[in-house]
Amino acid sequence: MTALARTRTPLIVAGIVVAAVVAAIAWVSTGHAGPMKISDLRVTGAYVPQPASPDVAAAYFTVTNSGNVPAVLTGVHTDVSDMSMMHENTGTTMTMLHSVTVPAHGTVAFSPGRYHIMIESPTRALKQGDHVTLMLSFAKVGQIAVTAPVMPVGYRPPARNP
């Protein structure tokens, strides 16, 4: 092998790796990744309504557990804030949660008026058409990355038939 060939081979390999990573990021960021799944957990319907205030936003999604063991959501991180918290609304009270259990063969919906992810002090303005990456952490299972489109202010997803 010549000196020139030895020098170019690592550059070619590095170029291929970079191209693959860029393609994967582009695919996920377009929102075409669809529902994300790990183990017996599936996350669907993720979205972030465009916030009325630049200081706080909310994220919503549904987690379905098709397994025989409850799954515990222990946290959510985003690519637009260093502080994201799980909350539950009950009546006029909002409570910060350290975990949310998704029952075996069950579903938990993070939806307006119930559970939600509060995204504090986003690092950029969130506008309709943008995307927010949510990293959901589950005890004993791992993490699921979900791409949530930013929808218009006041957006509510269409009702689904059971």
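Residues numbered from 1 in each chain as written. Predicted model: local features only at pLDDT ≥ 70, side-chain atom pairs only at ≥ 80, totals over all residues. Heavy atoms only, no water.

**Observations regarding the overall build of the chain**
Part 1: Scanning the chain from terminus to terminus reveals one helix and 11 strands.
Part 2: Start at the N end of the chain and walk to the C end: the helices and strands fall as α-β-β-β-β-β-β-β-β-β-β-β.
Part 3: Across the 162 residues that make up the chain, the buried fraction comes to 32%.
Part 4: Residue pairs at least 24 apart in sequence account for 67% of intrachain contacts in the chain once pairs closer than 6 positions are excluded.
Part 5: Summed over its atoms, the accessible surface of the chain is roughly 9,600 Å², and 61% of this surface lies on carbon and sulfur atoms. (Helix = DSSP H or I, 4+ residues; strand = E, 2+ residues; numbered from the N terminus. Buried < 20%, exposed > 50% of the residue type's maximum accessible area, 1.4 Å probe, protein only. Contact = heavy atoms within 4.5 Å. Areas by Shrake-Rupley, 256 points an atom, 1.4 Å probe, with all protein chains shown as cover.)

**A closer look at the side chain of Ser84**
Part 1: Among the secondary structure elements, Ser84 is positioned in strand E5 (residues 83–90).
Part 2: When its relative accessible area of 17% is taken as the criterion, Ser84 is described as buried.
Part 3: Setting aside chain neighbours within four positions, we find Ser84 in contact with Val76, Thr78, Ile117, Met118 and Ile119.

**Remarks on the packing of aromatic side chains**
Part 1: Scanning the model with the defined rule gives four aromatic pairs in all.
Part 2: Where Phe110 meets Tyr115, the ring centres are 5.4 Å apart and the plane angle is 40°; that geometry is what we call tilted. With respect to class, Phe110 is no different from Tyr115; both count as buried.
Part 3: Feature note: the residues Tyr47, Tyr60 and Tyr155 constitute an aromatic cluster, connected by ring pairs. (Phe/Tyr/Trp six-rings, centres within 6.5 Å; stacked < 30°, edge-to-face > 60°.)

**Things to note about the side chain of His87**
Part 1: Looking at the secondary structure, you find His87 in strand E5.
Part 2: In this view, His87 contacts Met94, Thr95, Met96, Leu97, Arg114, Tyr115, His116 and Met118; residues no more than four positions away in its chain are not counted.

**Remarks on the pairing of strand E8 (residues 106–110)**
Part 1: Going residue by residue along E8, you find Gly106, Val108 and Phe110 tucked away on one face and Thr107 and Ala109 left uncovered on the opposite face.
Part 2: Here strand E3 (residues 56–65) runs beside E8; their pairing, made up of five bridges, is antiparallel. Paired with Asn65 across the bridge in E8 is Gly106. (Pairing = 2+ DSSP bridges.)

**Concerning the nonpolar core**
Part 1: Residues Phe61, Leu73, Phe110, Leu134 and Leu136 are the most contacted members of the largest nonpolar core, which totals 30 residues.
Part 2: Looking at this core, the elements that each hand over two or more residues are strand E2 (41–49), E3, strand E4 (71–78), strand E7 (100–102), E8, strand E9 (115–120), strand E10 (131–138) and strand E11 (142–151).
Part 3: In this structure, Leu73 is in contact with Phe61, Met86, His98, Ser99, Val100, Phe110, Leu136, Ser137 and Phe138, ignoring residues within four places of it in sequence. (Core = buried A, V, L, I, M, F, W, Y, C linked by side-chain atoms within 4.5 Å.)

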